[in-house]
Amino acid sequence: MIIINNEEKLDGKIEDVWQLVTDLNEQTWRNHLNSSRVIDTKHYEEINDQGLKTTFVILNKIVNEVFEFNFKNDEYDGHWLAKFEVVDNNITKLHITAAFETKKKSMFAKKNFNKIVKQYFNDLQQALKKEL
């Protein structure tokens with residue numbers, strides 16, 4: 001099992017960060033996604049820019065605090081926990097912990113997944129700038 005921890009201070013109110021992250025019907029701010037589809041209140045799927053389909057099962061959703069889910073695709077099978085924290089009125093810290101197994105053996109799996117998370121933070125920061 002590979003575990004990664006990342007956190008980022010984002011320029012935005014916690015309500016705005018929460019809205020962008022958890023509005024699964026509107027994920028166009030994420031540059032690497034071709035499409036996303038909500039199946040029901042607990043399930044959704046995404047297809048990235050390389051055609052990789054990922055399915056998600058939401059486990060826990062506490063407004064402005066926690067967004068937690070399991071994910072699965074042809075490369076990874078894992079768990080994602082996002083915790084939201086107010087730093088000040090217009091700064092939100094987002095903590096992400098991901099624990100996953102790789103389906104394809106690669107010595108770069110952790111590095112590749114960290115790259116995905118960093119792109120997620122970059123896209124989120126850009127989307128928040130547009131909100132201002």
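Structure: above.
Every value quoted in this text rests on a predicted model; they were computed, and no experiment measured them.

## Topic: the packing of helix α1 (residues 14-22) against helix α2 (residues 109-131)
Turning to step 1, where the next piece is worked out: Running from N to C, α1 and α2 cross one another at 125°; their axes reach a closest spacing of 11 Å. Considering their axes alone, α1 and α2 lie oblique with respect to each other. In terms of crossing hand, the pair formed by α1 and α2 is right-handed. Along its contact with α1, which presents Asp-16, Val-17, Leu-20 and Val-21, the element α2 presents Tyr-120, Leu-124, Ala-127, Leu-128 and Glu-131.
Turning to step 2, where the next piece is worked out: In terms of residue class, the contact of α1 with α2 is made up of seven nonpolar, no polar and two charged.

## Quick word on the pairing of strand β2 (residues 33-40)
Turning to step 1, where the next piece is worked out: Where β2 meets strand β3 (residues 43-48), six bridges bridge the pair, whose relative direction is antiparallel. Of the residues in β3, the one forming a bridge with Arg-37 is Glu-45.
Turning to step 2, where the next piece is worked out: A loop of two residues connects β2 with β3, the two strands running antiparallel in sequence.

## Some details on the pattern of salt bridges
Turning to step 1, where the next piece is worked out: In total, this model carries five salt bridges according to the counting rule given.
Turning to step 2, where the next piece is worked out: As a salt-bridge pair, Glu-7 and Lys-93 come within 3.7 Å of each other at their nearest N and O atoms. With Glu-7 in strand β1 (residues 2-11) and Lys-93 in strand β7 (residues 91-102), this residue pair connects regions lying 86 residues apart in the sequence.
Turning to step 3, where the next piece is worked out: Residue Glu-46 is joined to Arg-30 by a salt bridge in which the shortest nitrogen-to-oxygen separation is 2.6 Å. Residue Glu-46 is located in strand β3, and its partner Arg-30 is located in the loop between α1 and β2; the two are separated by 16 residues in the primary sequence.

## Comments concerning the nonpolar core
Turning to step 1, where the next piece is worked out: By size, the foremost hydrophobic cluster in this structure holds 30 residues, and its most contacted members are Phe-67, Trp-80, Phe-84, Leu-94, Phe-113 and Leu-124.
Turning to step 2, where the next piece is worked out: At the level of secondary structure, the elements contributing two or more residues to this core comprise β1, α1, β4 (53-62), β5 (66-72), β6 (76-88), β7 and α2.
Turning to step 3, where the next piece is worked out: In terms of residues, this core owes the most to one element, α2, which gives seven residues.
Turning to step 4, where the next piece is worked out: Ignoring any residue separated from it by four or fewer positions in sequence, one finds Leu-94 in contact with Asn-6, Glu-7, Glu-8, Leu-10, Val-21, Ala-82, Lys-83, Phe-84, Tyr-120, Phe-121 and Leu-124.

## Digging into the packing of aromatic side chains
The geometry of an aromatic ring pair is captured by two quantities: the separation of the ring centres and the angle between the planes.
Turning to step 1, where the next piece is worked out: In this structure the tally under the stated criterion is 14 aromatic pairs.
Turning to step 2, where the next piece is worked out: Judged by centre distance (6.4 Å) and plane angle (75°), the ring pair of Trp-18 and Phe-67 falls under edge-to-face. Of the two residues, Trp-18 is situated in helix α1 and Phe-67 in strand β5; the sequence distance between them amounts to 49 residues. The same class applies to Trp-18 and to Phe-67, which are both buried.

## What to know about α1
Turning to step 1, where the next piece is worked out: Burial in α1 covers these residues: Ile-14, Val-17, Trp-18, Leu-20, Val-21 and Thr-22.
Turning to step 2, where the next piece is worked out: Its buried side turned inward, α1 meets β1, β4, β5, β6, β7 and α2.

## Considerations on the pairing of β7
Turning to step 1, where the next piece is worked out: For β7, the tally of buried residues reaches nine of twelve residues, placing the bulk of the element in the interior.
Turning to step 2, where the next piece is worked out: Summarising the sheet, β1 and β7 pair through ten bridges and their orientation is antiparallel. Note on β7: the bridge partner recorded for Ile-4 is Ala-98.
Turning to step 3, where the next piece is worked out: For β6 and β7, the ladder comprises twelve bridges, and the chain directions are antiparallel. Residue Asp-88 lies in a different strand from β7, and its bridge partner there is Ile-91.
Turning to step 4, where the next piece is worked out: Hairpin connection of β6 to β7: two residues between the antiparallel strands.

Rules used throughout
- Residues numbered from 1 in each chain as written.
- Predicted model: local features only at pLDDT ≥ 70, side-chain atom pairs only at ≥ 80, totals over all residues.
- Heavy atoms only, no water.
- Axes fitted to C-alpha atoms, helices over the stretch in contact; angles between N-to-C directions.
- Helix = DSSP H or I, 4+ residues; strand = E, 2+ residues; numbered from the N terminus.
- Parallel < 35°, antiparallel > 145°, perpendicular 65-115°, else oblique.
- Left-handed = near helix turned anticlockwise from the far one by under 90°.
- Contact = heavy atoms within 4.5 Å.
- Nonpolar A, V, L, I, M, F, W, Y, C, P; charged D, E, K, R; others polar.
- Pairing = 2+ DSSP bridges.
- Salt bridge = Lys/Arg side-chain N within 4 Å of Asp/Glu carboxyl O.
- Core = buried A, V, L, I, M, F, W, Y, C linked by side-chain atoms within 4.5 Å.
- Buried < 20%, exposed > 50% of the residue type's maximum accessible area, 1.4 Å probe, protein only.
- Phe/Tyr/Trp six-rings, centres within 6.5 Å; stacked < 30°, edge-to-face > 60°.

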